[in-house]
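# Descriptive structure summary
Okay, here's what each chain looks like letter by letter:
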Amino acid sequence: MAMVAVAWIAAGAPAQTPAPASTRAETTWVREHDVAVPMRDGVVLRADVWRPQGSGPFPVLLYRTHYGKSAAQSDYTTFGKAVARGYAVVMQDVRGRFASAGEFEPYRNEGRDGYDTIEWAARQPWSNGAVGTFGLSYPGAVQWLAAVEGPPHLEAMVPAMTFASANMFFYAGGVWDNSWAGWVWEDVGGELHRRNNVAGPTTDEEAERTWDDVRQRILWQLPLNAVPDFKAIAPWYYEWMRHPPWDPWWDWADLRARYGRTSAAVLGVSGWYDEAYGPDGATTNFAGLTTARAGGLSRAAFVIGPWPHGVGGTGRTKAGDRENGPAAAIDYDETVLRWMDHYLRDVDNGVDREPPVRVFVMGDNRWREADRWPIPGTRSDTLYLAAAGQGSRTGGLSARRPDSRRPTSVYVANPAKPVTDLYADRSGAHDYRTLASRADVLTFETPPLAQDMEVVGAIAAEVYLAADAPDADLWVKVFDVAPDGTAYNLMAPGSDVIRASYRDRSARRSLLEPGRVYLLRLPGLLTGNTFKQGHRIRVHVMSSFAPNYARNLQTGASETESARTRSARITIHHDARHPSRIILPVIPRPATRDDP
């Protein structure tokens, strides 16, 4: 499909819909502080309300956050721009946070509380009854959890960088996402210490300053549930760890069977370097909505840029160490408000006529649009893993099906000395070339490419593995290697791992039989990247990527309850009977005069 010009707002570009006249200046806005919003169980949540002068009525934008509504008003410009455009804006602290009453249990109450707040907003005398929601990360998740409860007055939403399923949120491929510990300490711990009168940092700023002092101890603790720091402030953290992936207990956090419960117009936003749940959430939620609305107007779209997690990254051209060119930046506020203008204010700005799929292709540094996902015309190209030759540490990646001359590659994985992510505290693209020097990492690589290869969508990996231990993790990481040796990751960690004992993707674990060969599948390594002529495609195979993802003890016991580890000999099979491979979603390039 040919590249087309993007229709959303680039950073710094003028808004599609002009701001109201200066008579609606900020000094004339009506501002109400800590307005009581009663929930169905009697708990009172508090919200700040900003709206234009006059009786209205106005369409309403709702922003619900656990980070603090006052902090959000200092950090983000969306609220003021929305009021200037004629919206009433409700900014609410979720249950148990800052000005709102009740007990904070992340995500568990957001469906009901979100529903009640949406319907409260629709009933206010200054409201015209049309409500939209927006926000990123936790403020993105609360939108979905409320939407699938079916509030009748929710007309539009822009959930950014958020999830679709607990199994790609709290876990990834059956592996506990250990970065939740940092989230508890830095993002919610300060207020929880203060609120519960517990010793520890009592502000977000203090928590961020002290994280480096405790980070090593908390992230490397075994067993995981022995971390003492959260017991008095976050008992739910330990409850999470008591429930394995795919446990039915997690159904409350699974959106996938519930898309039919909302008719809201949905624009999902994520980034290739977002947390792994972000691209998965954007694409999964879009697919679920279009399926649920088949035969009618889908009113669903998504945009994925070359960004890390957070609003700030959407306005930058660089993600980590990789420069993506001037087209990479967008104006987040205008992206949100343009969607709302059409679906809440009936502005004919073309949103409903634009292709619903918008993804950035790194390497080419340009946007691609399509009318559905996966992108039509995408073909599946297979690259098979092949063993390293004599005297080399690097195996091959080839379109040729393997023979049996060198049928296996072997490494020893030791959870006590795991592969570590050198950039675990720095989002975005980074140069991971040093991974190739580790003895517990296998490397497979193509020759320099003879022509550009555009890969957009979910890379799949199918790897035949045997181990002399009851369990092991398999990481399959894909890199773009430039002629100078720079090896950029193409996504954040998480979509590229599977725990062997959870290979059936059910709560019932199935341990490995020593020596038996198992086929492990990783279907969703999402990215958009053109491997340029002269670059190489590199794949690393390993069994750990600590500390932000938990280590497999390789004993058969869970790291949440046990501290004993053992080394394991991992054998990757790649012969004719066991053709380990990656499958690339390639968008064919138009033929040129220079093609043979």
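What counts and what doesn't
Residues numbered from 1 in each chain as written. Predicted model: local features only at pLDDT ≥ 70, side-chain atom pairs only at ≥ 80, totals over all residues. Heavy atoms only, no water. Helix = DSSP H or I, 4+ residues; strand = E, 2+ residues; numbered from the N terminus. Rg over C-alpha atoms; globule rule 2.2 N^0.38 Å. Buried < 20%, exposed > 50% of the residue type's maximum accessible area, 1.4 Å probe, protein only. Contact = heavy atoms within 4.5 Å. Pairing = 2+ DSSP bridges. Axes fitted to C-alpha atoms, helices over the stretch in contact; angles between N-to-C directions. Expected span 1.5 Å × (residues − 1). Salt bridge = Lys/Arg side-chain N within 4 Å of Asp/Glu carboxyl O. Core = buried A, V, L, I, M, F, W, Y, C linked by side-chain atoms within 4.5 Å. pLDDT = per-residue confidence, 0-100. Phe/Tyr/Trp six-rings, centres within 6.5 Å; stacked < 30°, edge-to-face > 60°. Lys NZ or Arg CZ within 6 Å of the ring centre and 35° of its normal. Polar contact = N/O pair within 3.5 Å; in protein donor to acceptor, adjacent residues only side chain to side chain. Right-handed = clockwise from strand over helix to strand, strands pointing away. Parallel < 35°, antiparallel > 145°, perpendicular 65-115°, else oblique. Nonpolar A, V, L, I, M, F, W, Y, C, P; charged D, E, K, R; others polar. Left-handed = near helix turned anticlockwise from the far one by under 90°.

Another aspect to go through is the overall build of the protein chain. Each helix and strand in the protein chain was counted, giving nine helices and 26 strands. At 25 Å, the protein chain has a C-alpha radius of gyration in line with the 25 Å of a compact globule built from 596 residues. Reported as C-alpha extents along the three principal axes, the dimensions of the protein chain are approximately 80 × 65 × 45 Å. Taking all 596 residues of the protein chain together, the buried fraction comes to 60%. In the protein chain, 76% of the contacts between residues at least 6 apart in sequence involve partners at least 24 apart.

So, on to the sheet that holds strand 4 (residues 88-93). Strand order in the open sheet formed by 10 strands is 1-2-4-3-5-6-9-10-13-14, and the pairing between neighbours is mixed. Both outer strands of the open sheet, strand 1 (30-38) and strand 14 (366-370), are each paired with one neighbouring strand and no more. Pairs of neighbouring strands in the sheet enclose a mean axial angle of 20°, with direction left out of account. Those strands touched by helix 9 (residues 332-345) are strand 3 (58-65), strand 5 (127-136), strand 6 (154-160), strand 9 (265-273) and strand 10 (300-308), and its axis lies near 165° from that of strand 6.

With 14 residues, helix 3 (residues 110-123) extends 20 Å between its outermost C-alpha atoms, agreeing within 8% with the 20 Å of an ideal straight helix rising 1.5 Å per residue. Residues of helix 3 that are buried: Glu 110, Gly 111, Asp 113, Gly 114, Asp 116, Thr 117, Ile 118, Glu 119, Trp 120, Ala 121 and Ala 122.

For the structure on display, the rule yields 43 salt bridges. Among the ionic contacts, a cluster of salt bridges with common partners joins Asp 364, Arg 366, Arg 368, Asp 452, Glu 454, Lys 532 and Arg 589.

This brings us to the nonpolar core. Ranked by size, the top nonpolar core spans 144 residues in total, and within it Tyr 107, Phe 170, Phe 230 and Tyr 237 carry the most contacts. Excluding residues that lie within four positions of it along the chain, Phe 230 makes contacts with Ala 181, Val 184, Trp 185, Ile 218, Pro 235, Tyr 237 and Tyr 238. Counting 39 residues, the second largest nonpolar core, distinct from the first, contains Leu 383, Leu 465, Ala 472 and Leu 474.

The next thing to look at is the confidence of the model for the protein chain. Across the protein chain, pLDDT averages 94, with 95% of residues at or above 70. In this model, residues 1-24 is a region of pLDDT below 50 whose contacts with residues beyond four sequence positions or in other chains number 55 contacts.

This brings us to the packing of aromatic side chains. Taken as a whole and judged by the stated rule, the model has 46 aromatic pairs. Sitting above the plane of the Tyr 238 ring, Lys 231 keeps its charged end 4.1 Å from the centroid. One cation-aromatic arrangement involves Lys 477 over Phe 545; the distance from NZ or CZ to the ring centre is 4.3 Å.

Okay, helix 4 (residues 138-147) next. Turn by turn, an α-helix covers 3.6 residues, leaving residues three or four places apart pointing in a common direction. Among the 10 residues in helix 4, 10 count as buried, and that is most of the element. The set of residues buried in helix 4 consists of Tyr 138, Pro 139, Gly 140, Ala 141, Val 142, Gln 143, Trp 144, Leu 145, Ala 146 and Ala 147.

Turning our eyes to something else, we now look at the side chain of Gln 554. Residue placement: Gln 554 occurs in the loop between strand 24 (536-542) and strand 25 (568-573). Relative accessible area serves as the criterion here: at 1%, Gln 554 is assigned to the buried category. One polar contact links the side chain of Gln 554 to the main-chain carbonyl oxygen of Ala 413, over a distance of 3.1 Å. Leaving out residues up to four positions away in the same chain, Gln 554 has contacts with Ala 413, Pro 415, Ala 469, Pro 470, Asp 471, Ala 472, Ser 543, Arg 566, Ser 567 and Ala 568.

Of all seven residues that make up strand 6, six are buried, and the element is covered over most of its length. In this sheet, strand 6 lies alongside strand 5 in parallel orientation, the contact comprising six bridges. Bridged to Leu 136 within strand 6 is Ala 160. This β-α-β element, strand 5 to helix 4 to strand 6, shows right-handed connectivity.

The contact between helix 3 and helix 4 brings their axes to 7 Å, and the two run at 80°. In terms of orientation, helix 3 lies roughly perpendicular with respect to helix 4. Taken together, the residues of helix 4 that come into contact with helix 3 (itself represented by Glu 110, Gly 111, Gly 114, Tyr 115 and Ile 118) are Tyr 138, Val 142, Leu 145 and Ala 146. Of the residues in the contact of helix 3 with helix 4, the class split is six nonpolar, two polar and one charged.

Time to look at unusual backbone geometry. In this structure, the amide linkage connecting Gly 56 to the following residue, Pro 57, adopts the cis form with an omega of 0°. With respect to the element layout, Pro 57 can be found in the loop between strand 2 (44-51) and strand 3. With omega at -10°, the peptide bond leading from Leu 222 into Pro 223 counts as cis. Topologically, Pro 223 is positioned in the loop between helix 6 (204-219) and helix 7 (235-242).

We now examine the packing of helix 5 (residues 180-195) against helix 6. Where helix 5 contacts helix 6, the two axes come as close as 8 Å, and the packing angle between them is 155°. In this view, helix 5 runs roughly antiparallel relative to helix 6, as classed from their interaxial angle. The element helix 5 and its partner helix 6 pack so that their crossing is right-handed. Here Ala 181, Gly 182, Trp 185, Glu 186 and Asp 187 of helix 5 lie close against helix 6, whose contacting residues are Asp 204, Ala 207, Glu 208, Thr 210, Trp 211, Val 214, Ile 218 and Leu 219. Within the contact of helix 5 with helix 6, the residues separate by chemical class into seven nonpolar, two polar and four charged.

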